[in-house]
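So the chains spell out like this:
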Amino acid sequence: MSKLFRAVIMGPPGSGKGTISERIAHSFGLKHLSSGDFVRENIAAKTEAGVQAKTYIKKGLLVPDHVMTRLLLPRLEEMTKYSWLLDGFPRTLAQAEALNSACDLDVAINLNIPLETLKERLRHRWIHPPSGRVYNMCFNPPRVQGIDDITGEPLIQQEDDRPEALVARLRHYKDVAKPVTDFYKAKGILYTFSDTETDRIWPYINTLLSTKIPTIQSDARCAS
Ligand code: G5P
């Protein structure tokens, strides 16, 4: 059986982690695990962790490390048979160290996107909460403005994409990201991609992963 592949994708809010993760999952058959989706699922289900997380997200802040690791690590333990890509975790050095104790990573993808580009993208982002479908009113708009293409239900702007929360999120990201990228750089698994457009970054990531992920055998692929 071929070795399972483990990767993380990091980048500030709006850097395209979710968009690129979907492409990677589709192209390489990895399971896409999004920390933001886990948090939102827990908020919707009103779990203890979800209730705690909500107060931070509303202010545009990171959820505390102990809450995030308690949410995430058990989910990873359920994934021992799969190759996966973890999107949005780790965000802090403490999270990176906790993840490092749980598993060995093959690749850490780091998206380095200019601040003005991030602000512009998130200002135009709308989502369909029940499915998690993400639209951008410029990059990938819905067929009818404000309406989900599949269900016809209304789209909303997430609380943490509103301008006040957004600036706090971007500022906070910079402070905590550097020790994490340094951690992976020291391990020799950090790959940084810089551009203003996801479509221009994607071919490079695709090429990198084509060399890193040999042939993923069918039993290692996820049934997405
Ligand atoms: P999330 O959900 O992980 P963020 O803030 O890190 O949230 P976000 O905002 O989901 O990340 P992204 O995934 O990096 O952004 O980007 P995306 O959604 O793919 O793209 C953003 C928008 O730009 C979309 O509308 C997309 O269509 C568009 N777009 C993409 N590429 C292009 C392009 O080339 N051109 C244009 N014009 N548009 C493009 O986490 C949410 C919250 O949960 C908590 C935090 O509070 C976080 O803020 N949280 C954690 N807290 C602590 N530790 C952790 N590990 C946490 N994980 C989550």
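S.K.: Explain the sheet that holds strand β3 (residues 84-87) to me, and be specific about the residues and the numbers.
M.R.: Taken in spatial order, the 5 strands of this open sheet run β2-β3-β1-β4-β7, and their pairing is parallel. A strand with exactly one partner marks an edge of an open sheet, and here the two such strands are β2 (31-34) and β7 (190-194). Recorded for the sheet is a direction-independent mean angle of 20 degrees between the axes of neighbouring strands. In this structure, strand β1 (residues 6-10) lies alongside strand β4 (residues 107-112), joined through 4 bridges in parallel fashion. Each residue of the ladder has a partner; that of M10, found in β4, is N110. Contacts from helix α2 (residues 35-44) reach β2 and β3, with the element oriented near 60 degrees to β2.

S.K.: An account of the confidence of the model for the protein is requested, with residue identities and associated values reported.
M.R.: Taken over all residues, the pLDDT of the protein has a mean of 88, while the share at 70 or more is 93%. With pTM at 0.87, the complex prediction returns an ipTM value of 0.94.

S.K.: Can you break down helix α4 (residues 65-77) residue by residue, with the values?
M.R.: Taking 1.5 Å of rise per residue, 13 residues should cover 18 Å, and α4 covers 18 Å from first to last C-alpha, within 8% of that figure. Burial in α4 covers these residues: V67, M68, T69, L71, L72, L73 and L76. In the core, the buried residues of α4 are packed alongside β2, α2, α3 (48-58), β3 and α5 (93-102).

S.K.: Explain the nonpolar core to me, and be specific about the residues and the numbers.
M.R.: With 30 residues, the main nonpolar core has W84, L86, L99, L105 and Y184 as its most contacted residues. With 6 residues, α4 is the largest single contributor of residues to this core. Those residues in contact with W84 that lie beyond four places of it in its chain are F5, R6, A7, L30, K31, L33, L76, M79, L99, C103 and L105. L30, V107, L118 and L170 belong to the second largest nonpolar core, which has 23 residues in total.

S.K.: Please set out the site of the ligand residue by residue, giving values where relevant.
M.R.: Looking at the ligand, there are 31 residues lining it, with T19, R91, R125, R169 and T198 nearest. At 2.8 Å, a side-chain N or O of K17 approaches an oxygen atom of the ligand. Take N140: an N or O atom from its side chain is 3.3 Å from an oxygen atom of the ligand. Summarising the interface, the protein chains cover 94% of the accessible area of the ligand, which totals 1000 Å² for the free molecule. Here the shell around the ligand is built from residues that sort into 11 nonpolar, 12 polar and 8 charged.

About the criteria used
- Residues numbered from 1 in each chain as written.
- Predicted model: local features only at pLDDT ≥ 70, side-chain atom pairs only at ≥ 80, totals over all residues.
- Heavy atoms only, no water.
- Pairing = 2+ DSSP bridges.
- Helix = DSSP H or I, 4+ residues; strand = E, 2+ residues; numbered from the N terminus.
- Axes fitted to C-alpha atoms, helices over the stretch in contact; angles between N-to-C directions.
- Contact = heavy atoms within 4.5 Å.
- pLDDT = per-residue confidence, 0-100.
- Expected span 1.5 Å × (residues − 1).
- Buried < 20%, exposed > 50% of the residue type's maximum accessible area, 1.4 Å probe, protein only.
- Core = buried A, V, L, I, M, F, W, Y, C linked by side-chain atoms within 4.5 Å.
- Near = heavy atom within 4 Å.
- Polar contact = N/O pair within 3.5 Å; in protein donor to acceptor, adjacent residues only side chain to side chain.
- Areas by Shrake-Rupley, 256 points an atom, 1.4 Å probe, with all protein chains shown as cover.
- Nonpolar A, V, L, I, M, F, W, Y, C, P; charged D, E, K, R; others polar.

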